[in-house]
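Take a look at the letters that make up each chain.
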Amino acid sequence: MNIVLVENYNKLIAPEDEVYILGDCMLKNDSIGIKLLSQLNGHKYLAIGNHDTNSRIIKYCDAGIFDDIQFAYRFHYHKWHFYATHYPTITSNANDTRKYCLCGHSHTKNKFAHWEFGCYHCELDAHENAPVNIEEIIEDIKLERNSNNG
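So, here is what we can say about the structure in this document. (Residues numbered from 1 in each chain as written. Predicted model: local features only at pLDDT ≥ 70, side-chain atom pairs only at ≥ 80, totals over all residues. Heavy atoms only, no water.)

## Description of the sheet that holds strand β3 (residues 68-70)
What links the strands of a sheet is backbone hydrogen bonding, and the strands pair in either a parallel or an antiparallel sense.
(1) Moving on: The sheet built from three strands is open, its strands ordered β1-β2-β3 with parallel pairing. Here the strands that pair on one side only, and so sit at the sheet edges, are β1 (18-21) and β3. Along the sheet, successive strands turn relative to each other by an average axial angle of 20°, direction set aside. (Pairing = 2+ DSSP bridges. Helix = DSSP H or I, 4+ residues; strand = E, 2+ residues; numbered from the N terminus. Axes fitted to C-alpha atoms, helices over the stretch in contact; angles between N-to-C directions.)

This is how it looks when you write it as structure tokens:
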């Protein structure tokens, strides 16, 4: 499973890409986890998850896995505003266009769970065990907004 996840990731992510990983990078064996994370392409930014313990964060830092580690990130892409965090977070409601929470905690296959709060789920479970890029997220949101308005 882990080998397939690394392969899926590296097929989509180039070494120069910026990637927000929304928490829970490892479970159980930390040394295997660090080895696998070290194989991932891109400039990686971690939004801390509930399984990213203080001791694991130290290991991430010692291994140089992430360019930055925070509880959440705010960023803009074109005219879109995003709050990227591990947990689904109320940042607006689905009627507030172009302001959304990107989250990763729930292990849902439904990328629009918590849509009433403006959440979009980036979990591997919701994206065929692969990362999702910002362009796809925006297109998904546009389609979902249009389907709810018509």
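## As for helix α3 (residues 54-63)
(1) Moving on: Within α3, burial applies to Arg56, Ile57 and Tyr60. In an axial view of α3, the angular spread of the buried residues amounts to 100°, which keeps them on one side of the axis. Along α3, exposed side chains directed more than 90 degrees from the buried face belong to Asn54, Ile58, Cys61 and Asp62.
(2) Moving on: Immediately beyond the C-terminal end of α3, within one or two residues, lies Gly64, with a positive phi of roughly 65°. (Buried < 20%, exposed > 50% of the residue type's maximum accessible area, 1.4 Å probe, protein only. Arc of directions from axis to C-beta.)

## A short note on unusual backbone geometry
(1) Moving on: Not every positive phi belongs to a glycine, and His114 is a case in point at roughly 65°.
(2) Moving on: Take His114: it is sitting in the loop between β6 (99-103) and β7 (119-121).
(3) Moving on: Using a relative accessible area of 31% as the deciding quantity, one classes His114 as partly exposed.
(4) Moving on: You will see that Asn129, though not glycine, has its phi angle at about 60°, which is positive.

## Some thoughts on the pairing of β6
(1) Moving on: Among the five residues in β6, four count as buried, and that is most of the element.
(2) Moving on: Here four bridges tie strand β5 (residues 80-85) to β6, and the two strands are oriented parallel to one another. What sits directly across from Phe82, in β6, is Tyr100.

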